[in-house]
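Close look at the chain arrangement
Residue-level listing of the chains:
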Amino acid sequence: MEIKDIIKEENLVYSKTKLLTDTTLTYCPGCGHGVAHRLLMEVIEEMNIREDTIGISPVGCSVFAYDFMDIDMAQAAHGRAPAVATGIKRCWPDKFVFTYQGDGDLAAIGTAETIHACNRGENFTIIFINNGIYGMTGGQMAPTTLPGMKSSTTPFGRDVSLMGNPIKITELVAQLPGTYFVSRQAVHKPANVRKAKKAIRTAFEVQQQKKGLSFVEIVSNCNSNWKMTPIQSNQWMEENMFPYYPIGDIKIEGKLIKTN
Amino acid sequence: MAKVKGAIIIDKEKCKGCELCVVACPTNVIGMAPDVNGKGYHFAYAINPESCTGCENCAIVCPDGVISVYRVKVTVE
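Note that the structure is predicted; figures quoted are calculated from it, not measured. (Residues numbered from 1 in each chain as written. Chains lettered and ligands numbered in written order. Predicted model: local features only at pLDDT ≥ 70, side-chain atom pairs only at ≥ 80, totals over all residues. Heavy atoms only, no water.)

Within chain A one finds eleven helices and nine strands. Computed over its C-alpha atoms, the radius of gyration of chain A comes to 18 Å, within 12% of the 18 Å expected for a compact globule of 260 residues. For chain A, the spread of C-alpha atoms along the three principal axes comes to 60 × 45 × 35 Å. The proportion of buried residues among the 260 residues of chain A is 56%. Across chain A, the fraction of contacts at a sequence separation of at least 24, relative to all contacts at a separation of at least 6, is 67%. Accessible area for chain A stands at about 10900 Å²; split by element, carbon and sulfur atoms hold 54% of it. A distance of 5 Å separates the average location of the 27 positive side-chain charges in chain A from that of its 26 negative side-chain charges. (Helix = DSSP H or I, 4+ residues; strand = E, 2+ residues; numbered from the N terminus. Rg over C-alpha atoms; globule rule 2.2 N^0.38 Å. Buried < 20%, exposed > 50% of the residue type's maximum accessible area, 1.4 Å probe, protein only. Contact = heavy atoms within 4.5 Å. Areas by Shrake-Rupley, 256 points an atom, 1.4 Å probe, with all protein chains shown as cover. Lys, Arg positive; Asp, Glu negative; His and termini not counted. Charge placed at Lys NZ, Arg CZ, Asp CG, Glu CD.)

Right under this line is the structure:
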């Protein structure tokens, strides 16, 4: 069978979802944001909730998420996405609300908003992209930077005695009674992408059942600021990020299943 | 015997040349072109299209969603 016989409308099994606009993503080549955006939009398309979903974009690399996601979006001040989401969700309890935040946004300047939204058990979804660095501003040290990891403000590696330990914000919020589903995933390999999509789908279903806050962390790369190629950065992430940020579900149906 | 055959279409102008699809492909279908696209990136293209099984691995790891996958079942005598 010739290739041109295969390429027909009826044989199409996968293409970019219509919920992503045709705007070219502003992310660097190989960045995990692109896959995370697409998974989120695929889940919304599959659940058929496009008209009922409101997203909150953060400050950081994904600040232009509203240009890429063809749904209703709002833009929050740095770190304040959970506070804005709380307001929107309380006004429209039947809408689906999610925030999309990076580690500098969620785990540094927005720690108070994140922890209190999780503790109150607000009924929305937080998607947290953790690449261990402030990507947009030039690779400065973030709270999630690993010990010994080089960044533009820690050129000799993060010194734990001087700069403290990286924060495991996902384990932290899993301890709070308001969270119902907490999971950590990655999007660097096909198997991980499929698992991450399942986790995002579960997160939105929890919201549909009004059970509490659902929190999905996606461990991602930042090849530009890690000064690596995309493939090298994914390997580095597997070798260094995953031992500290282990992949898997942390809290399911309100019960902690993993403590580390 | 039924066999699965696939084909991919890559939007070369949107490709940023990150090569993640190249390592994700189990049958080594994809390679990087020596030419560059309008943005100056070496884009991915099907270097070995006959081996494609339409498994979608390349398309789901592509950060920019530039790959479309087609798949058919063919009967081989």
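Let's shift gears to the overall build of chain B. Counting its secondary structure elements, chain B contains two helices and four strands. Counting from the amino terminus, chain B carries its helices and strands in the arrangement β-α-β-β-α-β. Seen through its principal axes, chain B has C-alpha atoms that stretch 45 × 20 × 20 Å. Sorting the 77 residues of chain B into buried and exposed places 51% on the buried side. Look at the contacts in chain B between residues 6 or more apart in sequence, and 60% of them connect residues 24 or more apart. As displayed, chain B has an accessible area near 3700 Å², and 54% of this comes from carbon and sulfur atoms.

Let us now look at the environment of A:Ile54. Residues and elements named next belong to chain A. You can see Ile54 is positioned in strand β2 (residues 53-57). Distance in space between the C-alpha atoms of Ile54 and Asp72 is 5.0 Å, their sequence separation being 18 residues. Apart from the residues lying within four places of it in its own chain, the contact partners of Ile54 are Asp72, Ile88, Trp92, Lys95, Phe96, Val97 and Phe98.

The first and last C-alpha atoms of helix α9 (residues 190-208) of chain A sit 27 Å apart over 19 residues, in line with the 27 Å expected at 1.5 Å per residue. Those residues of α9(A) lying buried are A:Pro190, A:Asn192, A:Val193, A:Ala196, A:Ala199, A:Ile200, A:Ala203, A:Phe204, A:Val206 and A:Gln207. (Expected span 1.5 Å × (residues − 1).)

A complete count under the given rule lists zero disulfides over all chains for this structure. Of all cysteine sulfurs, the one in A:Cys91 lies closest to A:Cys118, which takes part in no disulfide; the gap is 20 Å. In this structure B:Cys25 is a free cysteine whose sulfur lies 6.1 Å from that of B:Cys55, the closest cysteine sulfur available. Accessibility expressed as a relative area gives 11% for B:Cys25, which makes it buried. (Disulfide = S-S within 2.5 Å.)

Before going further, it helps to examine the side chain of A:Glu122. Residues and elements named next belong to chain A. Tracing the sequence through the fold places Glu122 in the loop between α6 (111-120) and β5 (125-130). Its relative accessible area of 6% is what places Glu122 among the buried residues. A polar contact of 2.7 Å, which involves the side chain of Glu122, links it to the side chain of Arg120. Ignoring anything within four residues of it in the chain, the contact list for Glu122 reads Thr86, Arg90, Ala117, Gly212 and Leu213. (Polar contact = N/O pair within 3.5 Å; in protein donor to acceptor, adjacent residues only side chain to side chain.)

Now for the interface of chain A and chain B. You'll often see interface size given as the accessible area lost when the parts meet. Contacts between the two partners involve 31 residues from chain A, matched on the other side by 32 residues from chain B. Interface area, chain A with chain B, both sides summed: about 2700 Å², of which 66% is carbon and sulfur. On the surface where chain A and chain B come into contact, there are zero salt bridges. The interface formed by chain A and chain B holds ten residue pairs in polar contact (both at pLDDT 80 or more) in total. Those elements that place two or more of their residues in the side of chain A that touches chain B are α1 (3-6), β1 (12-14), α2 (32-47), α9 and α11 (230-244) of chain A. Of the residues contributing to the side of chain A that touches chain B, the split by class is 17 nonpolar, eight polar and six charged. (Buried area = accessible area lost by both parts, 1.4 Å probe. Salt bridge = Lys/Arg side-chain N within 4 Å of Asp/Glu carboxyl O. Nonpolar A, V, L, I, M, F, W, Y, C, P; charged D, E, K, R; others polar.)

Take it as geometry only, folks, not as evidence of what the structure does.
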